[in-house]
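This is what each chain is made of:
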Amino acid sequence: MKQDLHSLLGDLVIANRILAHENVLDDFGHVAVRHPDRADRFFVSRSRSPEIVTRDDLLEFTLDGVPVDPKGLRPYLESVLHARIFAARPDVQATVHHHSPAVLPYTVIDEVPLRPVFHMGSVLGGPVPVWDSRDEFGDTNMLIDDVPKADSLAKVLGGGTSVLLRNHGATCAAQSLPAVVFVSVRMKDNAELQSRAMAMGKPRYLTEGETRMAGDMLMGERPLERAWSYWRARAGYGGI
């Protein structure tokens, strides 16, 4: 069932708080959601730390990353990152950009890909691709702050749920806010577990079939509802 706009924007605020509480987002990073009635629009907070985002901070954008009504507020410089993923992927309804410390080591070591090592990590979809801004743009400020860089990132993401940004962070994309929160949190969990396993020896990774079947199961309505309710409660929204 399609969610109404009022309820969806409330969940966008909660998604910011959940991802901050689960140590995926900190003072930086952001989460966005597509407009439920206009596929050519999406919402993301103004430039503010996710832990303190409120409904009044939310801004509506076009798929070129331009705010419809900035309301005198300063948008995130990387709002266009979300815009161009929504433009490239009609199936994607929500996106997250984060710099989780657990994930960052996999953005600085070429020889060790981030791969699913437990069933919850299957939602990563396999070895996570890495986007390197230097390949097309040389030295930059490392922000995805214009359409060419955002389009380049979206191309490397392809049809998947996750992509790493070399020496920067990660971006996740999924079919709903609960789904993209799930992917983002499990990316962090998988990175922590993979790093711990590698310190002990050679990890045993999920097979391609296990990754596909477990990922499809976990992206279903009931598992996502269970996880979303749990994380809502942990973030202080259990009774809302």
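Below: a short report on this structure. All residue numbers refer to positions counted from 1 along the written sequence of the respective chain. This being a predicted model, a pLDDT of at least 70 is required before a residue's local features are given, and a value of 80 or more before pairs of side-chain atoms are given or counted; all residues contribute to the totals for chains, interfaces and linings. Hydrogen atoms and water are omitted, and side-chain values are computed over all heavy atoms in the structure.

## Some points on the overall build of the protein
Part 1 of the argument: Tallying secondary structure elements over the protein gives eight helices and seven strands in all.
Part 2 of the argument: Computation of the radius of gyration draws on C-alpha atoms, with the globule rule given as 2.2 Å multiplied by the number of residues to the power 0.38. Over its C-alpha atoms the protein spans a radius of gyration of 17 Å, differing by no more than 12% from the 18 Å that the globule rule assigns to 240 residues.
Part 3 of the argument: In terms of overall dimensions, the protein has a C-alpha envelope of 55 × 45 × 30 Å along the principal axes.
Part 4 of the argument: Counting contacts in the protein only where the partners sit at least 6 residues apart, residues at least 24 apart contribute 67% of the total.
Part 5 of the argument: In this description, accessible areas are obtained by the Shrake-Rupley approach with a 1.4 Å probe, and a residue is regarded as covered only by the protein chains that are shown. Entry remark: accessible area of the protein is about 11400 Å², with carbon and sulfur atoms responsible for 53%.
Part 6 of the argument: For the protein, the distance from the average site of its 27 positive side-chain charges to the average site of its 31 negative ones is 4 Å. Only DSSP runs of H or I reaching four residues or more are called helices, and only runs of E reaching two or more are called strands; each is numbered from the N terminus. It only takes one pair of heavy atoms within 4.5 Å for two residues to be counted as in contact. His residues and chain termini do not enter the charge count, which takes Lys and Arg as positive and Asp and Glu as negative. Working definition for charges: the position is that of NZ of Lys, CZ of Arg, CG of Asp or CD of Glu.

## Considerations on the pattern of salt bridges
Part 1 of the argument: The working definition used for a salt bridge is a side-chain nitrogen of Lys or Arg within 4 Å of a carboxyl oxygen of Asp or Glu. Across all of its chains, the model carries 15 salt bridges by this definition.
Part 2 of the argument: Of the charged contacts, one joins D132 and R134 as a salt bridge, the two residues approaching to 2.9 Å between their closest N and O atoms.
Part 3 of the argument: In this structure, R186 engages D189 in a salt bridge whose closest nitrogen and oxygen atoms are separated by 2.9 Å. With R186 and D189 both in helix α6 (residues 177-200) and three residues apart, the pair spans about one turn of that helix. Accessibility assignment for this pair places R186 and D189 in one class, buried.
Part 4 of the argument: Three or more residues joined by partner-sharing salt bridges are found here, namely R46, R48 and D57. When accessible area is computed with a 1.4 Å probe and restricted to protein chains, residues below 20% of their type maximum are described as buried, those above 50% as exposed, and intermediate ones as partly exposed.

## Some remarks on the packing of helix α1 (residues 5-21) against α6
Part 1 of the argument: Axis definition: a line fit to C-alpha positions, over the contact stretch in the case of helices; interaxial angles, taken between N-to-C directions, run 0 to 180 degrees. Packing of α1 against α6 leaves a shortest axis separation of 10 Å and a crossing angle of 10°. By the angle between their directions, the pair α1 and α6 is classed as roughly parallel. Within the contact between the two elements, α1 uses L8, D11, L12, A15, I18 and L19 and α6 uses L177, V181, S184 and V185.
Part 2 of the argument: Polar here means any residue outside two lists: the nonpolar Ala, Val, Leu, Ile, Met, Phe, Trp, Tyr, Cys and Pro, and the charged Asp, Glu, Lys and Arg; Gly therefore counts as polar. Across the contact of α1 with α6, the residue classes break down as eight nonpolar, one polar and one charged. Working definition: roughly parallel below 35 degrees, roughly antiparallel above 145 degrees, roughly perpendicular at 65 to 115 degrees, and oblique for all remaining angles.

## Some remarks on the packing of α1 against helix α8 (residues 221-234)
Part 1 of the argument: Relative to each other, α1 and α8 sit at 75°, their axes nearing to 9 Å. Judged by the inter-axis angle, α1 sits roughly perpendicular to α8. Side by side, α1 and α8 meet where D11, I14, A15, I18 and H21 of the first sit next to W228, W231, R232 and R234 of the second.

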